[in-house]
Amino acid sequence: MLDCEIAVVGGGPAGLCAAAEASEWGAGVLLLDRDRMPGGQLVKQTHRFFGSEAQRAGTRGIDIAGILHDRLEASPSAAVWREADVVARYDDGVLGVERRGRWEKIRPQKLIFATGAAEKTLAVPGSDLPGVYGAGAVQTLMNVHGVRPGHRVLMVGAGNIGLIVSYQLLQAEIGVAAVVEATREVGGYWVHASKIRRLGVPILTGHTLLEVTGTDFVRGAVVAEIDENWKIQPGTRREIECDAVCLAVGLGPLGDLMWQCGCEMAWISELGGYVPRRNEEMETSVEGIYVAGDAAGIEEASAAMMEGRLAGLAAAHALGYVPPHQFTRIRSEIASELYHLRSGPTGDVTRRGLAALRGAPVRRQVLVEEGEPC
Ligand SMILES: Cc1cc2nc3c(=O)[nH]c(=O)nc-3n(C[C@H](O)[C@H](O)[C@H](O)COP(=O)(O)OP(=O)(O)OC[C@H]3O[C@@H](n4cnc5c(N)ncnc54)[C@H](O)[C@@H]3O)c2cc1C
């Protein structure tokens, strides 16, 4: 059993910033990530980031991961466990971790969940065929392992992720047959949409994916036009030739461990699904458990970094490492940066989500009632 002051689960931008902040105040921090390379989504991002300049917009995601990781490595009171999958938290607060084939136990005084998000999918006939991927999987194949996911890909979803991954496919000399988007508008930034349109890729708004065709692998995809009520327009079905389909249809916060901990969770569609209720210091309804980043609601890396910093600061403060006057000052600085980040039109959905969270009914999932046989 290893005792530590603060355990941070997840080494994406939120977790790295949380761990760096807390350890720079002197707290003993253990950061755990199931991947070989800490950085979370950032390690797959070869494009220059959008978002807040103060949070490194203009720098490539992969480089931001390196900068954040180097900062953490420089802190003498921080340790990083790679390939460490946190799979459980027992009632006595002990974490169960699968690490390189061994079962490890950790007893932290404070816990920060920065587990990120999981991709959503579309269940249509044929969507279980080899060659149907989530956008994250396509990026991992191409940008981390240098593997082509196919030769001609149909992209589903014209949000930022669908548009950016389409562009990265084109950069890797992989054809993009079309981008299919159910709503009437392109959801991502126009700059990304214009780039791929200029390269000859049609963006079919008001269209949906009906079926993926093929027997052993993807041979094509059937799409059709839909109206505002998502009703298929007669006579508009058509098959598009492709050997891979990439689903970029949204992300959902990864909250399994927070459910296990008994955190109060609320369904907030603007934040991507179930998220934990938390206070302004990112502490959940369970004392000593904090959340940050996409696990707290789907947003961007800029917000994830700031929330991570806030959670790390609060956890270090709760352990007595941050003098009260410094804590109050830095907390309000970060809160004001977050406020500015979310104040423009792109922050509209998040603002609505956070407002809804304040008044939403909460649930605490109880898997097995006390006394019930397992
Ligand atoms: C294609 C694409 C383009 C993007 N472009 C931009 C952009 O330009 N600008 C921008 O600001 N944002 C961008 N984003 C969004 C940004 O990448 C995310 O918002 C950000 O990475 C969220 O950070 P996070 O730390 O919360 O989660 P993640 O980056 O997802 O990190 C979570 C980490 O937790 C680990 N983990 C999860 N569960 C466990 C467990 N049980 N045990 C151990 N480890 C665990 C995972 O391995 C992962 O490393 C983009 C996202 C995508 C997919």
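Owing to the predicted nature of the structure, the values given are computational and were not obtained by experimental measurement.

Basis of the calculations
- Residues numbered from 1 in each chain as written.
- Predicted model: local features only at pLDDT ≥ 70, side-chain atom pairs only at ≥ 80, totals over all residues.
- Heavy atoms only, no water.
- 1 Å grid on protein atoms, 1.4 Å probe; cavity = no way out; pocket = protein on both sides within 12 Å on 5 of 7 lines; lining within 4 Å.
- Points joined across faces, edges and corners; volume = space filled by probe spheres on them.
- Nonpolar A, V, L, I, M, F, W, Y, C, P; charged D, E, K, R; others polar.
- Patch = residues over 30% accessible without salt bridge, like charges linked within 9 Å, V, L, I, M, F, W, Y side chains within 5 Å.
- Areas by Shrake-Rupley, 256 points an atom, 1.4 Å probe, with all protein chains shown as cover.
- Salt bridge = Lys/Arg side-chain N within 4 Å of Asp/Glu carboxyl O.
- Helix = DSSP H or I, 4+ residues; strand = E, 2+ residues; numbered from the N terminus.
- Buried < 20%, exposed > 50% of the residue type's maximum accessible area, 1.4 Å probe, protein only.
- Pairing = 2+ DSSP bridges.
- Axes fitted to C-alpha atoms, helices over the stretch in contact; angles between N-to-C directions.
- Contact = heavy atoms within 4.5 Å.
- Polar contact = N/O pair within 3.5 Å; in protein donor to acceptor, adjacent residues only side chain to side chain.

Undergrad: Mind laying out empty space enclosed by the protein, listing which residues take part and the relevant values?
TA: Counted by the stated rule, this structure contains 1 cavity of 30 Å³ or more. In this structure, the largest cavity encloses a volume near 40 Å³. As for the largest cavity, its lining consists of Glu-119, Ala-135, Ile-161, Ala-248, Val-249, Gly-250 and Leu-251. Residue composition of the lining of the largest cavity, by class: 5 nonpolar, 1 polar and 1 charged.

Undergrad: Which residues make up a nonpolar patch on the surface, and what are the values?
TA: A cluster of nonpolar side chains, Val-87, Tyr-90 and Trp-103, forms an exposed patch at the surface whose accessible area comes to about 280 Å². Within the fold, Val-87 resides in strand β4 (residues 84-89). Note on Val-87: relative accessible area 38%, which makes it partly exposed.

Undergrad: How would you explain the layout of surface pockets if you had to name every residue and give the values?
TA: In this model, the second largest pocket occupies a volume close to 590 Å³. Lining the second largest pocket are 19 residues, and of these Glu-280, Leu-338, Arg-342, Leu-354 and Arg-358 lie nearest its centre. Broken down by secondary-structure element, the contributors of at least two residues to the lining of the second largest pocket are α7 (301-318), α8 (324-341) and α9 (348-359). Element by element, the count of residues in the lining of the second largest pocket is highest for α8, at 6 residues. Within the lining of the second largest pocket, the residues separate by chemical class into 7 nonpolar, 4 polar and 8 charged.

Undergrad: Give me the sheet that holds strand β11 (residues 203-205): which residues, what numbers.
TA: Backbone-to-backbone hydrogen bonds join strands into a sheet, with any given pair of strands oriented parallel or antiparallel. Taken in spatial order, the 5 strands of this open sheet run β8-β15-β9-β10-β11, and their pairing is parallel. Two strands bound the open sheet, and with one partner strand each, they are β8 (132-134) and β11. Between one strand and the next, the sheet's axes are offset by a mean angle of 20°, whatever the strand orientation. The sheet contact formed by strand β10 (residues 175-181) and β11 spans 3 bridges and is parallel. Residue pairing for β11: Val-179 is matched across the bridge by Ile-203. Taken strand by strand, helix α3 (residues 135-144) contacts β8 and β15 (244-247), and its axis lies near 90° from that of β8.

Undergrad: So what's going on with the sheet that holds strand β14 (residues 238-241)? Residues and values would help.
TA: Sheet architecture is open: 3 strands sit in the order β12-β13-β14, paired in antiparallel fashion. Pairing within the sheet leaves two strands with one partner each, and these edge strands are β12 (207-213) and β14. Shown here is a sheet whose adjacent strand axes are inclined to one another by a mean of 35°, direction ignored. Here strand β13 (residues 220-225) runs beside β14; their pairing, made up of 4 bridges, is antiparallel. Paired with Gly-220 across the strands is Glu-241, a residue of β14.

Undergrad: Before we move on, could you go through the side chain of Asp-294 and cite the residues and values that matter?
TA: Looking at where Asp-294 falls in the secondary structure, it is placed in the loop between β19 (289-291) and α7. A distance of 3.2 Å separates a polar side-chain atom of Asp-294 from the backbone nitrogen of Glu-299. Asp-294 has contacts with Gly-116, Ala-117, Leu-251, Pro-253 and Glu-299, leaving out every residue within four places of it along the chain.

Undergrad: Give a description of the environment of Leu-210 that names residues and reports values.
TA: When you line up the elements, Leu-210 lands in strand β12. Through-space distance from the C-alpha of Leu-210 to that of Thr-140 is 26 Å; in sequence the pair is 70 residues apart. Filtering out sequence-adjacent residues up to four positions away, Leu-210 remains in contact with Val-124, Pro-125, Val-222, Val-223, Ala-224, Ile-232 and Arg-237.

Undergrad: Explain the pairing of strand β18 (residues 273-276) to me, using residue names and the numbers behind them.
TA: In this structure, strand β17 (residues 265-268) lies alongside β18, joined through 4 bridges in antiparallel fashion. Bridge pairing in β18 places Trp-267 opposite Tyr-274. In this antiparallel pair of consecutive strands, β17 and β18, the connection spans 4 residues, and Gly-272 shows a positive phi of 100°.

Undergrad: For the side chain of Ser-75, give the residues involved together with the corresponding values.
TA: Examined against the element boundaries, Ser-75 turns out to sit in the loop between α2 (61-73) and β3 (78-81). Not counting residues within four places of it along the chain, the set of residues in contact with Ser-75 comprises Ser-23 and Glu-24.

Undergrad: Give me unusual backbone geometry: which residues, what numbers.
TA: In this structure, Glu-83 is a non-glycine residue whose phi angle is positive, near 50°. Positionally, Glu-83 belongs in the loop between β3 and β4. Judged by relative accessible area, Glu-83 falls into the partly exposed class, the value being 28%.

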